[in-house]
Number of protein chains: 2
Amino acid sequence: MVSSSRPNDPVHPHTTRPDRRPTIVDVARAAGVSTAVVSYALNGRPGVSASTRERVLRVADELGWRPATAARSLRSGPAAAGLVLVHDGRNGARAASALDLVVGAQEALGVDGPTLAVHVAPTVAGAATLMETWWTERRYAAFVVPHARSDDARLAALRRLNAPAVVVGEVPGVSPPGWRHVSLDDAAAFARLGSFLADLGHTRVAMLAGSEELLAPRRRTAALRAALGERGASLRTVAGEGADKAAAAVRPLLSGPDRPTAIVTDDDATAGVVLDVARRLGLSVPWDLSVVAGTDAAACHLTTPSLTAVPFPVRELGLAVGAALLDVLGGDTPARGAPTAPGNGTVAVGNLVVRGSTAPPPS
Amino acid sequence: MVSSSRPNDPVHPHTTRPDRRPTIVDVARAAGVSTAVVSYALNGRPGVSASTRERVLRVADELGWRPATAARSLRSGPAAAGLVLVHDGRNGARAASALDLVVGAQEALGVDGPTLAVHVAPTVAGAATLMETWWTERRYAAFVVPHARSDDARLAALRRLNAPAVVVGEVPGVSPPGWRHVSLDDAAAFARLGSFLADLGHTRVAMLAGSEELLAPRRRTAALRAALGERGASLRTVAGEGADKAAAAVRPLLSGPDRPTAIVTDDDATAGVVLDVARRLGLSVPWDLSVVAGTDAAACHLTTPSLTAVPFPVRELGLAVGAALLDVLGGDTPARGAPTAPGNGTVAVGNLVVRGSTAPPPS
DNA sequence: TTGAAAGCGTTACCAA
DNA sequence: TTGGTAACGCTTTCAA
């Protein structure tokens, strides 16, 4: 029976306790050197002879040694980064895409690189509080702020704490030196969308803009308006976040005179709502009305007709976030092979994915 | 200019360095006591006079003291739990629901309780590797294993490491004492679904089962079959995970003779595929064919018709996970107010959400 | 009820 | 190129 003898073993304090994981003291003893040498060898620092280094590495590997995160953090400060997701349970597709962002970031960080830990908070303010707590507890060395908003409590908190951060999205004002920004070039994509719709012949387009607080919708709307305007088409903007509000906003829009012949939404769920309202009003998509989702997601395939959508290269965005994070955390060895990405970056958005929800306007 | 004077300040080693966050030494000095007393007071341990305790707490609060995670972990072992999500970028709704699980768990853990950190891995094997690494690095005190599978590398790894865990889903065999299990009572829900379909008059039902590796699909299928069988209806099972395979599996099913009059799927995305195939074959849902999604999600509203679905109380599941985690991490103060949930638990699934995709079979 | 001090595992400085 | 050793911030004996 392998019982665990936890408390004070009266005998040799450092000998083989049953489930003890090895420390550098064990490695040093086994290799016949001091802990200093072990530390140097293990961290690839100069000042250790090749033979000693190799022996130490071998012994460490044999013993299955791994650095104790706590000890290392205590001495050198935390190495991990934290990302607090704002999730209120309603933003389905956005939530899933956040995970893809994390996947991309992890990939850029590499397996041996710093860790990115994800947490979830119901509100922006809650996220800010959590980050503040964890910063003062020295739990993380930097934070990733996804979906930056115009007046963002998270950014205010990080600014005040002078904490390093990677911010997804451009924010107004000048940023602290420890910050990096990564954003999506969706303005270009929405400009192309404007051209696309104008080329189809649409002259009255409406944009059902999502949250005013998010920065992306504004940028997108502006780009879309400019592109349409250049071609003699007009854009009407209608606010409507969330399914209910969106439905309430779309109904009068489609019932009134001079109804738009194309509607662009910010996300996939809202586009689904538009499809639904149109159907109830007896409008057939795409013949009576074109609908475009501003964010492509799996749900865009599920609707009838399937939704034409602006791509959302969230994994690529994640890669950029990871690169920026490496930069923020101390610019050491980036994942080799990958071209050392710049700290700040803009991620390109591909061409519109044309599906079944767009057509020329009714004559 | 507030330059940071990092390295060895030759002067008082412990005086006010610019951005130094306070330690218990600072608190002790300010309160005029020793660090031991501070530690006792801060942790609510007996052996400190009420007046001293209060003074210490006040001073700590004034100084904005927070425990340094690393130091505490080094001494007492890690306090946080880790959850590694398996996310391959395809399972949209499942991914979003995983976040709701985390939200629920956090709620049960409470704001001052242990932290739950989420990570993402592309495969089950990758998740197992990560957990093993982090266990040996003493990063986490326990792990949450979501979506346990029948032959799960994660469970094998945790077993081998003798690491505490909360497993979502029942697994065959006997579990280590440090494990807790939380699962969804979807068998009951699928039994009710069987009754519902039989009562509508369906006699030929098909189940489009998801991954064979996941445990839930089997349990669900068995319960559905039993309930249908009791009422003289039959269930045909068809394998088909992922959109393409599902479509390929459904097409012959609906084209052949004796086609089922109702199809049940495991998740929302697959149900959407079924709707699509049915439409292409000229079958109108729900009049020619009823469709039920085995997992309710936001996407179920987006389809035409909207999908009747089995509820998926993932937040409640998360609450149970959080309670189990508290139990595993050392059974200390659970979030007060909440009735101390048992370590192992089964979460009830509510009644079928009937929407537009179900009707009596065609005469 | 309080204080002094020994760790926890690593890193990094200073001497040898 | 190596070894000894003092931090890092906290918890927890053991004495006073």
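Preceding this paragraph is the structure being described.
Draft legend 1. Layout of the protein's contact with DNA strand C. Of all residues adjacent to DNA strand C, which total 28 residues, the nearest are Ile24 and Arg72 of chain A together with Ser34, Thr52 and Arg75 of chain B. Per the 4 Å cut-off to the protein, sugar and phosphate atoms form 66% of the nearby atoms of DNA strand C. At a separation of 3.2 Å, a base nitrogen of DNA strand C approaches a polar side-chain atom of tyrosine 40 of chain A. Among the elements of the structure, helix H2 (35–42) and helix H4 (69–76) of chain A together with helix H2 (35–42) and helix H4 (69–76) of chain B are those that each provide at least two residues to the surface near DNA strand C. Among the elements that take part in the surface near DNA strand C, H4 of chain A stands out by supplying 4 residues, more than any other.

Draft legend 2. Molecular detail of the sheet that holds strand E9 (residues 290–293) of chain A. The 5 strands lie next to each other as E7-E6-E8-E9-E10 (chain A), forming an open sheet whose pairing is parallel. The outermost strands of the open sheet, each flanked by one partner alone, are strand E7 (234–239) and strand E10 (308–309) of chain A.

Draft legend 3. Highlighting unusual backbone geometry. Following threonine 304 of chain A, the chain continues into proline 305 of chain A via a peptide bond in cis, with omega recorded as -10°. Inspection of the secondary structure puts proline 305 of chain A in the loop between helix H12 (299–302) and E10. With omega at 10°, the peptide bond leading from valine 285 of chain B into proline 286 of chain B counts as cis. Position of proline 286 of chain B relative to the elements: it lies in the loop between helix H11 (268–280) and strand E9 (290–293). Look at histidine 147 of chain B: it is not a glycine, yet its phi comes out positive at around 55°. By the secondary structure assignment, histidine 147 of chain B is in the loop between strand E3 (142–145) and helix H7 (153–161). Its relative accessible area of 30% is what places histidine 147 of chain B among the partly exposed residues.

Draft legend 4. Inspection of the protein's contact with DNA strand D at higher detail. Close contacts around DNA strand D come from 30 residues, with Ser34, Thr52 and Arg75 of chain A together with Ile24 and Tyr40 of chain B the closest. Of all DNA strand D atoms lying within 4 Å of any protein atom, the proportion belonging to sugar or phosphate reaches 63%. The separation between a phosphate oxygen of DNA strand D and a polar main-chain atom of serine 34 of chain A is 2.7 Å. One nitrogen or oxygen atom from the side chain of asparagine 43 of chain B is found 3.4 Å from a phosphate oxygen belonging to DNA strand D. Tallying contributions element by element places H4 of chain B first for the surface near DNA strand D, with 4 residues. Among the residues making up the surface near DNA strand D, the classes are represented as 12 nonpolar, 11 polar and 7 charged.

Draft legend 5. Spotlight on the interface of chain B and chain A. Across the boundary between the two partners, chain B contributes 44 residues, which contact 44 residues of chain A. Buried area between chain B and chain A, both sides added, is near 4000 Å², and the carbon and sulfur share of it is 61%. On the chain B side of the interface with chain A, the three residues burying the most area are Arg21, Arg138 and Leu302 of chain B, jointly 18% of the side's total. Counting the contacts that link chain B with chain A gives 2 salt bridges. For the side of chain B that touches chain A, the secondary structure elements donating two or more residues are H4, helix H5 (92–109), strand E2 (116–121), helix H6 (124–136), H11 and helix H12 (299–302) of chain B. Broken down by element, the residue count for the side of chain B that touches chain A peaks at 8 residues, all from H5 of chain B. When grouped by side-chain class, the residues that make up the side of chain B that touches chain A number 23 nonpolar, 14 polar and 7 charged.

So, how was this worked out
- For every chain, the first residue of the written sequence is number 1, and numbering continues from 1 onward in sequence order.
- All chains are assigned letters beginning with A, and all ligands numbers beginning with 1, in the order in which they are written.
- Predicted model: local features are reported for residues with pLDDT of at least 70 only, side-chain atom pairs are reported and counted for 80 or more only, and whole-chain, interface and lining totals are derived from all residues.
- In computing side-chain properties, one takes all heavy atoms of the structure into account and sets aside hydrogens as well as water.
- What makes a residue near a molecule or strand is one non-hydrogen atom of that residue sitting within 4 Å of it.
- Whenever two N or O atoms come within 3.5 Å, that pair is a polar contact, provided that in protein one can donate a hydrogen and the other can accept it, and provided that, for residues adjacent in sequence, both atoms are side-chain atoms.
- The helix and strand labels rest on DSSP assignments: H or I over at least four residues marks a helix, E over at least two residues marks a strand, and numbering proceeds from the N terminus.
- Two strands are said to pair when DSSP picks up at least two bridges between them.
- A 1.4 Å probe rolled over the protein chains alone gives each residue an accessible area, and that area as a share of the maximum for its type sets the label: buried under 20%, exposed over 50%, partly exposed in between.
- Under this grouping Gly is polar, as are all residues other than the nonpolar Ala, Val, Leu, Ile, Met, Phe, Trp, Tyr, Cys and Pro and the charged Asp, Glu, Lys and Arg.
- Note on contacts: a residue pair is in contact if any heavy atoms of the two residues lie within 4.5 Å.
- When two parts are put together, the accessible area they lose, computed with a 1.4 Å probe and summed over both, is reported as buried area.
- Think of a salt bridge as a Lys or Arg side-chain nitrogen and an Asp or Glu carboxyl oxygen that are within 4 Å of each other.

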